[in-house]
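# Understanding the architecture of this molecule
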Amino acid sequence: MTSTAVREGRAVAVRPSRERTKRRLVTLALLAPALLGLAIFFVYPLVASVYYSFTRFDLVSEPQWIGLRNYQYLFTQDPNVVQATLNTLWFVVIWVPVKIAFALLVAGLLARAKRASGLWRTVFYLPALVPPVASVVAFVFLFNPGTGPVNQILKFFGIEGPLWFNDPAWSKPSLVLLGVWVMGDIMIIFLAALLDVSKEQYEAASLDGANGLQKARYVTLPSITPVLLFSLVTGVIAAIQYFTEAAVASGVASGKAVIGEGISNNLGYPDGSLLTYTQWLYVRGFGTYQLGYASALAVLLFVVAAAILILLLRRFKAFTPEGAQ
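Structure report, in brief.

So, how was this worked out
Residues numbered from 1 in each chain as written. Predicted model: local features only at pLDDT ≥ 70, side-chain atom pairs only at ≥ 80, totals over all residues. Heavy atoms only, no water. Helix = DSSP H or I, 4+ residues; strand = E, 2+ residues; numbered from the N terminus. Buried < 20%, exposed > 50% of the residue type's maximum accessible area, 1.4 Å probe, protein only. Contact = heavy atoms within 4.5 Å. Salt bridge = Lys/Arg side-chain N within 4 Å of Asp/Glu carboxyl O. Axes fitted to C-alpha atoms, helices over the stretch in contact; angles between N-to-C directions. Parallel < 35°, antiparallel > 145°, perpendicular 65-115°, else oblique. Nonpolar A, V, L, I, M, F, W, Y, C, P; charged D, E, K, R; others polar.

Take the environment of isoleucine 189 next. Mapped onto the elements of the fold, isoleucine 189 is located in helix H8 (residues 184–195). When its relative accessible area of 33% is taken as the criterion, isoleucine 189 is described as partly exposed. Aside from chain neighbours lying at most four places away, what touches isoleucine 189 is Val227 and Phe230.

The structure is reproduced here in structure tokens:
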């Protein structure tokens, strides 16, 4: 009787173990396409970039190991990396908060709209569907200092319009205006979050004597914090990788719309004010074919971006489980 019971106990113990193994294999099989894609398109390029950053590589000859010389040149000798980094940080610090603030403001107005709300939502969202190159070209022509309609309207009111994309002091703010115009993608997310806030919370706040500003601070903002975090993280990532709009604006404003041809002549026009980090990375990698040095730039960009995002997530307590004190 005892030996039979032991055998039965072992059989019962082995069966769940086999079932767990089977479930794990099925799970891995279902995840295999995603894991394979992650390995091919993220892990391998990342590891390869780290390796190439320690080499001299031009896509023609074999990579030559040179140790830390690429990083030494990056931090001590590169004449444009400091300006490109400062311009990119400007977009992170100014462009992202302004775009989020305007998107949240418009979403708040649309959430309160009672008539033709669908029409207004469509009107504010449509610019987000315009291709980036087309929107930049349109803005450069609209803000042309000599013939653009914006300066013509300002002149009609007796105001001398700035040079916009042709002035180093106004080139980046002009791109901020473009970012505000195409903020429909973030606006629609904010609108959904605002409409999801419980009306009972607003009613309770009203009974406690809260005014509109207090309701926004103590009811609205805490309720949409996850959406704000999402918008901030995605906005910072987009600003760190800011390339197309700045490159096209430089090319069109300087009269040379072809970005790849003669890029050293109009790079970051005017006066390097629109030179971003990713533009400089692109030039060193595909303009001068210094793939080893471009890999060093890419690795530094990845490390800085990861550090900034981790800091943001910790600042918003994103790593704290729900309900934890």
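Here the narrative resumes, following the displayed structure.
Scanning the model with the defined rule gives 1 salt bridge in all. Across the salt bridge formed by aspartate 78 and arginine 284, the nearest N and O atoms sit 3.6 Å from each other. Of this pair, aspartate 78 sits in the loop between helix H2 (69–76) and helix H3 (81–112) while arginine 284 sits in helix H14 (residues 277–287), and the two are 206 residues apart along the sequence. For aspartate 78, a relative accessible area of 6% translates into the label buried. In this structure arginine 284 comes out as buried when scored by relative accessible area, which is 9%.

Glancing now at the packing of helix H10 (residues 212–223) against helix H11 (residues 225–240). Across the interface, H10 lies against H11 with an axial gap of 4 Å and an inter-helix angle of 60°. One way to sum up the angle between H10 and H11 is to call them oblique. Contacts between H10 and H11 involve Leu221, Pro222 and Ser223 on the former and, on the latter, Thr225, Pro226 and Leu228. Split into classes, the residues belonging to the contact of H10 with H11 amount to 4 nonpolar, 2 polar and no charged.

A cis amide bond links tyrosine 269 with the next residue in sequence, proline 270, at an omega value of 0°. Within the secondary structure layout, proline 270 lies in the loop between helix H13 (263–266) and H14. Backbone geometry at tyrosine 289 places phi at a positive 55°, although glycine is not the residue there. If you trace the backbone, tyrosine 289 turns up in the loop between H14 and helix H15 (291–315). Judged by relative accessible area, which is 46%, tyrosine 289 ranks as partly exposed.

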